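# Notes for the structure review
Letter by letter, the chains look like this.
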Amino acid sequence: MKQFPEGFLWGGATAANQYEGGWKEGGKGVSCSDVQLFTDPKSMKDLLNTHGLCDISDEMIEKALSTDDEVYYPKRHGIDFYHHYKEDIKLFAEMGFKCFRLSISWPRIYPQGDELEPNEEGLEYYDHVFDECLKYGIEPIVTLSHFEMPLYLAKKYGGWRNRQLITFFERYAITCFKRYSKKVKYWMTFNEINNLIDTDNPFNAWTGAGVLYEDNENIEQTMYQISHYQFVASARAVQRAKEINASMQVGCMLHFGPIYPSSCNPQDILAGIKAMDKRYFFSDVHVRGYYPTYTLKKWERSNIQLDITDEDLKDLKRGTVDYIGFSYYKSTIAEYDKIHDFIEVQNPLLKKSDWGWAIDPTGLRIILNEVYERYQKPMFIVENGFGAYDKLENGIINDDYRIDYLRNHISEMKKAIAAKRITIVGGNENWVKKLRQEFPNWKFVSASVSSTVDNMSILKAERVILFTDTLGHSNYYKFMQTIQSHHIPFSFLHGVNIERNIVQIYDDIFEKR
């Protein structure tokens, strides 16, 4: 893949709640996913009715705990990675994986979740998994909480509606960071945390937070309180990781997909903006370290009162993430609605998968561009794929449709990377030549302070590389005011050591991980 930066991480992703199995082995406790009953869908309509497949209640939990069945509770067995990790990881290596995203099962490390000491057998298991990855040169990308929190925390504490879970999660994170600091560089805290915003679907609160909403409860307020506690827990985890090993990178993980306005009617345009704000709320807090104004105003209008301390706000500021991990599967459109402000609907111009999800490769490029411009943080696509009714024919699944899906999405990702426009200010022709050799897919424009200070073309730059030989120029301060007032990211480099600065550019600009 010559079109991608050196060190680009190609791989695949799994989640312990879906693939690991061994639900009662190695000292593991029961997770929230272990009690989810699967109902065989009678039709496609039933399959798409997530409520029917993922509904949960106290009665259903007690019934689940009374049986060891693994057929109607399929997450208990998964694909039995617990017993087959060596052969599976070998297959990943044969496929050319450079990274493998997986999650640690929280109840395998802390069976109940509130213990003071971890389960050593669980820790040893992940030692073996990570060692096997590293043996093949595969970088582990690890999520700490991916829909498999300890059931005990949900039953005794009410899940993430309880502030005490911040302490329990922080203890769990510290244990993992210390144990695997020399084996795992890249971490994520909560999987698809912004799914919580969809309060109509009980699946999200249960799997993501161990919460069952109650009758007559202010569900919106509870959702924001849950989210706040997870934000604080994530921020504390980031801080502890840096204290243990400053080179570890800790990211957030969100579900992203563009929500287009349904028309050019200004009301629909505004509906699209408001719909995206609901998703960006979570990344705004994770990346910027404070609550956005549009959310604070909403809380004020809705009289939402949350348990937020001054120390919490300090933690959010101190514990911003290093990168943005996200899943991308589909896009939708938003149209104005008098009652609900806006509603999300399907895009009639796009084909759909068997699950009814819009197939939109261009939407991936749009999200990459918009999210990067919003935050200027490294981005990591950690989930993308295509669900279909695959047919086995002569022992083979001919899934050209899946190959096309992945090819088209990768193509759009490549376009997003290649679209970078970097303006170099200062330096010399050797520098420009070297940069073009190192980064052939980026557009480099050589300029000087005097030629760009009154030239509007500088405002088209996505980043400015500024060299020390510009310091003495009479237009230097005016130039700096121009790029800063327009919020153009810049790197200030010393032009003597080319090789050293190439490394800095990779780290600072091009999201090399």
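### What about the overall build of the protein chain?
What the protein chain contains, in helices and strands, is 20 helices and 16 strands. Here the protein chain, with 513 residues, has 51% of them falling under the buried criterion. Across the protein chain, contacts joining residues at least 24 apart in sequence account for 77% of those joining residues at least 6 apart. In the structure as shown, the protein chain presents an accessible area of about 24300 Å², 51% of it carried by carbon and sulfur atoms.

### Describing the sheet that holds strand β6 (residues 259-261)
Adjacent strands of a sheet pair through backbone hydrogen bonds, lying either parallel or antiparallel. What the three strands build is an open sheet, ordered β6-β8-β9; its pairing is mixed. Sheet topology places β6 and β9 (341-345) at the edges, where each strand pairs with a single neighbour. Between one strand axis and the next, the sheet turns through 40° on average, direction left out of account.

### Regarding the pairing of strand β7 (residues 323-327)
The buried fraction of β7 amounts to five of the five residues, a majority that puts the element mostly inside the structure. With burial as the criterion, each face of β7 is covered, one bearing Y323, G325 and S327 and the other bearing I324 and F326. Across five bridges, the pairing between strand β5 (residues 249-255) and β7 is parallel. For C252, the partnering residue across the bridge sits in β7 and is I324. As paired elements, β7 and strand β10 (residues 379-383) share four bridges and run parallel to each other. Among the inter-strand pairings, S327 is bridged to a residue of β10, identified as E383.

### Notes on the packing of helix α11 (residues 219-244) against helix α12 (residues 266-288)
In the contact formed by α11 and α12, the axes pass within 10 Å of each other and the chain directions differ by 30°. With respect to each other, α11 and α12 are oriented roughly parallel. You can see that α11 and α12 cross each other, and the crossing is right-handed. Contacts between α11 and α12 involve Y224, S227, F231 and S234 from the first element and F281, F282, V285 and H286 from the second. A per-class count over the contact of α11 with α12 returns five nonpolar, three polar and no charged.

### A short note on the confidence of the model for the protein chain
Chain-level statistics for the protein chain give a pLDDT mean of 85 and a share of 78% at 70 or above. This model gives residues 421-429 a pLDDT under 50, and the stretch forms 45 contacts once residues within four places in sequence are excluded.

### Quick notes on the packing of α12 against helix α15 (residues 361-375)
Where α12 contacts α15, the two axes come as close as 11 Å, and the packing angle between them is 45°. Considering the angle they form, α12 stands oblique to α15. Judged by the twist between their axes, the crossing of α12 over α15 is right-handed. From α12, M276, D277, Y280, S283, D284, V287 and R288 reach across to α15, where they touch I367, E370, V371, R374 and Y375.

### Some remarks on the side chain of E217
Mapped onto the elements, E217 comes out in the loop between α10 (202-209) and α11. Among the polar contacts made by the side chain of E217, one reaches the side chain of R161 at a distance of 2.7 Å. Not counting residues within four places of it along the chain, the set of residues in contact with E217 comprises R161, L212 and T222.

### Comments concerning the sheet that holds strand β1 (residues 11-13)
Read across the sheet, seven strands follow the order β1-β2-β3-β4-β5-β7-β10 without closing on themselves; strand pairing throughout is parallel. Each edge of the open sheet is held by one strand with a lone partner, namely β1 and β10. Each neighbouring strand pair of the sheet contributes to a mean axis angle of 25°, computed without reference to strand direction. Taken strand by strand, helix α9 (residues 164-180) contacts β3 (139-145), β4 (186-190) and β5, and its axis lies near 165° from that of β3.

### Quick notes on a nonpolar patch on the surface
Taken together, the side chains of I269, L270 and I273 define a hydrophobic patch exposed on the protein surface, amounting to about 240 Å² of accessible area. Here L270 is to be found in helix α12.

### Considering the pattern of salt bridges
Summed over all chains, the structure comprises 30 salt bridges. Between E383 and R101 there is a salt bridge, with the nearest N and O atoms lying 2.9 Å from each other. One end of the pair, E383, is in strand β10; the other, R101, is in strand β2 (residues 99-103), with 282 residues separating them in the sequence. Classification of E383 as buried rests on a relative accessible area of 14%.

Conventions adopted
- Here the residue index of a chain counts from 1 through its sequence in written order.
- Note on the predicted model: pLDDT of at least 70 is required for a residue's local features to be given, and 80 or more for side-chain atom pairs to be given and counted; whole-chain, interface and lining totals, by contrast, use all residues.
- To obtain the side-chain values, all non-hydrogen atoms of the structure were included, while hydrogens and water were left out.
- In this text, helices come from DSSP runs of H or I with a minimum length of four residues, and strands from runs of E with a minimum of two, each type numbered from the N-terminal end.
- We call a residue buried when its accessible area falls under 20% of the maximum for its residue type, exposed when it is over 50%, and partly exposed in between, using a 1.4 Å probe and counting protein chains only.
- Throughout, a contact is declared for two residues whenever any of their heavy atoms are within 4.5 Å.
- For the accessible areas, the method is Shrake-Rupley and the probe is 1.4 Å, while residue cover comes only from the protein chains on display.
- A pair of strands is considered paired only if DSSP assigns at least 2 bridges between the two.
- Comment: axis = line fitted to C-alpha atoms, over the contacting stretch for helices; angle = value between 0 and 180 degrees taken between N-to-C directions.
- In what follows, roughly perpendicular refers to angles from 65 to 115 degrees, roughly parallel to angles under 35, roughly antiparallel to angles over 145, and oblique to any angle outside these ranges.
- In this scheme, a crossing is called left-handed if the near helix is turned counterclockwise away from the far one by less than a right angle; it is called right-handed if the turn is clockwise.
- We call Asp, Glu, Lys and Arg charged. Ala, Val, Leu, Ile, Met, Phe, Trp, Tyr, Cys and Pro are nonpolar, and the rest, Gly among them, are polar.
- Confidence of the predictor at the level of single residues is given by pLDDT, which spans 0 to 100.
- Here a polar contact is recorded for every N or O atom pair within 3.5 Å, except that within protein the pair must consist of a potential hydrogen donor and a potential acceptor, and residues adjacent in sequence are included only if both atoms are side-chain atoms.
- Patches draw on residues past 30% relative accessible area with no salt bridge. Two like charges within 9 Å are joined, as are two nonpolar side chains (Val, Leu, Ile, Met, Phe, Trp, Tyr) within 5 Å.
- Any Lys or Arg side-chain nitrogen located within 4 Å of an Asp or Glu carboxyl oxygen qualifies as a salt bridge.

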